[in-house]
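Results of the structural survey
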Amino acid sequence: MFQVIKHNGEAADFTLTKISDAIVKAFLEADMQYSYDMADLLALRVTADFQNRVEADGVHVDIIQDSVRRVLEQAGYAEAARAYQYRDRRLA
């Protein structure tokens, strides 16, 4: 298991469900249909997308967020990607 480096510099254990939850929230924000299975599959694709960028001390949350946006766009969910990006900026 690896660590996620947060914006404030703190480290937390990586949890796949956090990515799935963020994807579900993006679909809800974009008012798009989704299933939890689909969100889980997309979350796995996200981990594959950023896996080569994990370093010894972990991976920065910004890298994960970039991967979420990229995977959503590549999968044809541009509206959800925009909602995710907007939500991410709003919470920062």
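Structure first, text after, so check above.
Let us look at the structure shown here. (Residues numbered from 1 in each chain as written. Predicted model: local features only at pLDDT ≥ 70, side-chain atom pairs only at ≥ 80, totals over all residues. Heavy atoms only, no water.)

Structural notes on the environment of Glu79
Note the threshold: We count a stretch as a helix when DSSP gives it H or I for four or more residues in a row; a strand needs E for two or more, and each element gets its number in order from the N terminus. Only protein chains enter the accessibility calculation, which uses a 1.4 Å probe; a residue whose area is less than 20% of its type maximum is buried, one above 50% is exposed, and one in between is partly exposed. Any two residues whose heavy atoms approach within 4.5 Å are treated as being in contact.
Tracing the chain through its elements places Glu79 in helix H4 (residues 78-91). Taking the relative accessible area as the measure of exposure, Glu79 reaches 46% and is therefore partly exposed. A C-alpha to C-alpha distance of 9.2 Å links Glu79 and Glu29, two positions 50 residues apart in sequence. Setting aside anything within four residues of it in sequence, one finds Glu79 in contact with Ala30 and Met32.

Considerations on the packing of aromatic side chains
Applied cut-off: Only rings of Phe, Tyr and Trp enter the pairing, Trp through its six-membered ring, and a pair is recorded when the two centres are within 6.5 Å. The plane angle decides the type: under 30 degrees is stacked, over 60 is edge-to-face, the rest tilted.
Throughout the structure, instances matching the rule amount to 6 aromatic pairs. Ring centres of Phe2 and Phe14 lie 4.7 Å apart, and the angle between their planes is 25°; this geometry places the pair in the stacked category. Of this pair, Phe2 sits in the segment before strand S1 (3-5) while Phe14 sits in the loop between strand S2 (11-13) and helix H1 (16-29), placing them 12 residues apart in sequence. The exposure class of Phe2 is partly exposed, given its relative accessible area of 23%. Here Tyr34 and Tyr36 contribute two aromatic rings whose centre-to-centre distance is 5.7 Å and whose plane-to-plane angle is 90°, an arrangement assigned as edge-to-face. Ring-pair connections join several aromatic residues into one group, and the members of that group are Phe27, Tyr34, Tyr36 and Tyr77.

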